[in-house]
Amino acid sequence: MTFMYSVVANIADVQGFANATHEWAGDRMRELGAVDITASQVVMGGEMAGMVIIGFEFETADDAMSANAGIYADSKMVAMMRDTQVQVIRRGLFKVQAEVGTRTGDVGTILYIAGRPTDDATATSNLELNWKYMSGAANGIVSLLSLANGPAPFVGTAVTFADSIDALLASSQKMFAQAEVVDAMAASGLMVVGRIMTRRIV
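This report concerns the structure included in the present document. Computed from a predicted structure; not experimentally measured.

### Some remarks on the pairing of strand S4 (residues 86-101)
Looking along a regular strand, one sees side chains alternate from face to face of the sheet.
Reasoning step 1: Strand direction decides the pairing type here: strand S1 (residues 2-11) and S4, joined by 10 bridges, are antiparallel. Bridge pairing in S4 links serine 6 to glycine 92.

Here's what the structure looks like:
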C-alpha cells in the first residue's frame, strides 16, 4: 500500500515545468521520498481543461506530508514553480488500493467515482474484473481511495494509462455493459460521476 500526493494546478509554462521535472526536479522529489512521479495535462474535462494533474507516490502518508514541507523549503523548487507560474488549485492525498498493468502511454483517462469507500480486497477484486475487459486497450489502471481532498463529490478515482483514447472508450463502453461489472459496482455502492481525458507530460 502506497500513498498518492495529488496536485491539480494551472501552469502557464507547461513545457518548462515538464522539462524541469525531467532534468532535475523529479530527482529532487525522489530525494524527498517519492517512489514514482507522473504528470498529465487535462485535454477534455469541462472546467478542468488545460489544468495539470501531478501525482507523487510515497511509501507512507507521513512521507507525503514531509515532502510537501520539503518542496516549499527548497528555493530552487520554489523558483521553478514561480518561473513556470504554477498555481495550485487542489492538493489531496489518496491511498493506492489496487493496480494492474503499467503506468505507460501518452494518453489516459481519470474516472471520478462516488459512493461508499471500499476495502482494499474489494477494490482489488473490482479492478481485476474491469481489467478483463480493459486490458486490450489500456496499459494500466490505478485505483485510488480519497483520504484528504476537502469537500468533494467522489470517494476515489480510477486512473487509466493508454496509447489510444478511441480504443479506451470502446473497451470502456463494452465493460460497463457487462452484467457482472454492473452487479459488482452496485454491490460496492459505486457510481461514476465524471471522466476527464489527459495527455501525459511526465
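### Thoughts on the environment of glycine 33
Reasoning step 1: Considering the arrangement of structural elements, one finds glycine 33 in the loop between helix H1 (14-31) and strand S2 (36-44).
Reasoning step 2: Of the residues examined, glycine 33 reaches a relative accessible area of 26% and is grouped as partly exposed.
Reasoning step 3: Counting along the chain gives 23 residues from glycine 33 to phenylalanine 56, while the straight-line C-alpha distance between them is 9.2 Å.

### Re the packing of aromatic side chains
The relative placement of two aromatic rings is captured by the distance of their centres and the angle of their planes.
Reasoning step 1: Applying the stated criterion across every chain yields a total of four aromatic pairs.
Reasoning step 2: Ring geometry for tyrosine 5 versus phenylalanine 58: centroids 6.3 Å apart, planes at 35°, classification tilted. Highlighted residues: tyrosine 5 in strand S1 and phenylalanine 58 in strand S3 (residues 52-58), separated in sequence by 53 residues. In this structure, tyrosine 5 and phenylalanine 58 share a single accessibility class: buried.
Reasoning step 3: An aromatic cluster of three or more residues is present, and its members are Tyr5, Phe56 and Phe58.
Reasoning step 4: Across from the ring centre of tryptophan 24, 4.3 Å away, lies the NZ or CZ of lysine 76, which sits over that ring.

### Some remarks on helix H5 (residues 165-176)
Reasoning step 1: In a regular helix each residue adds 1.5 Å, so 12 residues correspond to 16 Å; H5 covers 16 Å between its end C-alpha atoms and thus fits that length.
Reasoning step 2: Buried within H5 we find Leu168, Ser171, Ser172 and Met175. Buried residues of H5, viewed axially, fall in a sector of 105°; they line one side. The exposed residues of H5 that point more than 90 degrees off its buried face are Asp166, Gln173 and Lys174.
Reasoning step 3: In this fold, the buried residues of H5 make contact with strand S5 (107-115), helix H4 (120-134), strand S6 (138-148), strand S7 (156-162), helix H6 (179-188) and strand S8 (190-200).

Cut-offs and rules
- Residues numbered from 1 in each chain as written.
- Predicted model: local features only at pLDDT ≥ 70, side-chain atom pairs only at ≥ 80, totals over all residues.
- Heavy atoms only, no water.
- Pairing = 2+ DSSP bridges.
- Helix = DSSP H or I, 4+ residues; strand = E, 2+ residues; numbered from the N terminus.
- Buried < 20%, exposed > 50% of the residue type's maximum accessible area, 1.4 Å probe, protein only.
- Phe/Tyr/Trp six-rings, centres within 6.5 Å; stacked < 30°, edge-to-face > 60°.
- Lys NZ or Arg CZ within 6 Å of the ring centre and 35° of its normal.
- Expected span 1.5 Å × (residues − 1).
- Arc of directions from axis to C-beta.
- Contact = heavy atoms within 4.5 Å.

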